[in-house]
Amino acid sequence: MIRIPSGRLAAALCLLFVWLTDRQALAQQRPLLTEDPDPVGDGKMLIEAGIDHTWTLYFPVSGLKGNLLRGPLLGISTGVGPSAELQLDGLSWSRLSIHERFDAPPAPMRDPTGDSTSSAEDIVVGTKLRFLRETARRPSFGFRFATRLPTAGDEKGIGLDTMDFFQSLLIGKSIRSTRVVANFGWAILSDPTNGNSQNDVVSYGLSLVHRLGTFAIAADINGWLSTRRGTPPPGTDTRGMATFGLRYPIGQVRLDGGYFTGVTASDERSGVKGGITWMFDSVLGD
């Protein structure tokens, strides 16, 4: 069950006033996590890159706690026709400064030494399909399928060495200068301590984006709810994160920055992020 501390609840409610600066780039969300149903567009390619720093991050499988630095957080999206998009995310590196070690499930391979450890990120391969365009009365609808690959080895204490699957219904509607997007779906999260087990979770996301002149403010709440009775496998318990950020376009690129915080009883993380988004004619086009 989600338990949101009163201070974080007030902050999360304040986050629900957001907008998108560039209508053509609706499909990409930096610095948010909630996915817009509209793709990047036929013949277009979009590249995102960024960096984030997280404080007080727990790794329940490896028994580590510390501050995590990630970058360059590279993501590539390519339009395939007017209503489809291919996505490749997670091309990045992580470095954890270890502040504490605690009891974790026994696993001889997960034994990082020293006061820090580093690893590649898990790569996520996804496909987004829009099956209804937005009209004056109706929101746009889409669907996204994604697979997270175990490219971050568990021997470094950061990755889980598991493969996960995500499916989400995407809904988006623009109301004057405000863009509202909702995601609802499910995911299959592998048990990192038992290869024959998994946890099915319900995923969710809600973002609001609001334009204020040249700038735009953007915020969302995004996460999943565990459906496992009793104690879920480590790393698959209920999680949620609220993000608040700003966007600023400069020519063909868009800069962004934001603050994020965990909103569940077991998610004490908080951090900052920043990055850049660039859209251009795809080299794969005609």
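Residues numbered from 1 in each chain as written. Predicted model: local features only at pLDDT ≥ 70, side-chain atom pairs only at ≥ 80, totals over all residues. Heavy atoms only, no water.

Peer 1: What is the right way to read the pattern of salt bridges from this model?
Peer 2: It is possible for side chains of opposite charge to pair when their charged atoms get near one another. With the rule as written, the count across this model stands at 16 salt bridges. Its salt-bridge partner being D256, residue R30 comes within 2.9 Å of it at the nearest N-O pair. Of the two residues, R30 is situated in the loop between α1 (6-14) and β1 (44-59) and D256 in strand β12 (residues 253-262); the sequence distance between them amounts to 226 residues. One salt bridge in this structure joins K128 and E85, with 3.7 Å as the shortest N-O distance. Taken as a pair, K128 in strand β5 (residues 124-132) and E85 in strand β3 (residues 84-101) lie far apart in primary sequence, 43 residues in all. Both residues of the pair, K128 and E85, count as buried. (Salt bridge = Lys/Arg side-chain N within 4 Å of Asp/Glu carboxyl O. Helix = DSSP H or I, 4+ residues; strand = E, 2+ residues; numbered from the N terminus. Buried < 20%, exposed > 50% of the residue type's maximum accessible area, 1.4 Å probe, protein only.)

Peer 1: Honestly, the pairing of strand β4 (residues 116-120) in this entry has me stumped. Any pointers?
Peer 2: Look at any regular strand and the pattern is simple: side chains alternate between the two faces of the sheet. The side-chain alternation of β4 yields one buried face, formed by T117 and S119, and one unburied face, formed by S116, S118 and A120. Where β3 meets β4, five bridges bridge the pair, whose relative direction is antiparallel. Bridge pairing links S94 to S119 in β4. (Pairing = 2+ DSSP bridges.)

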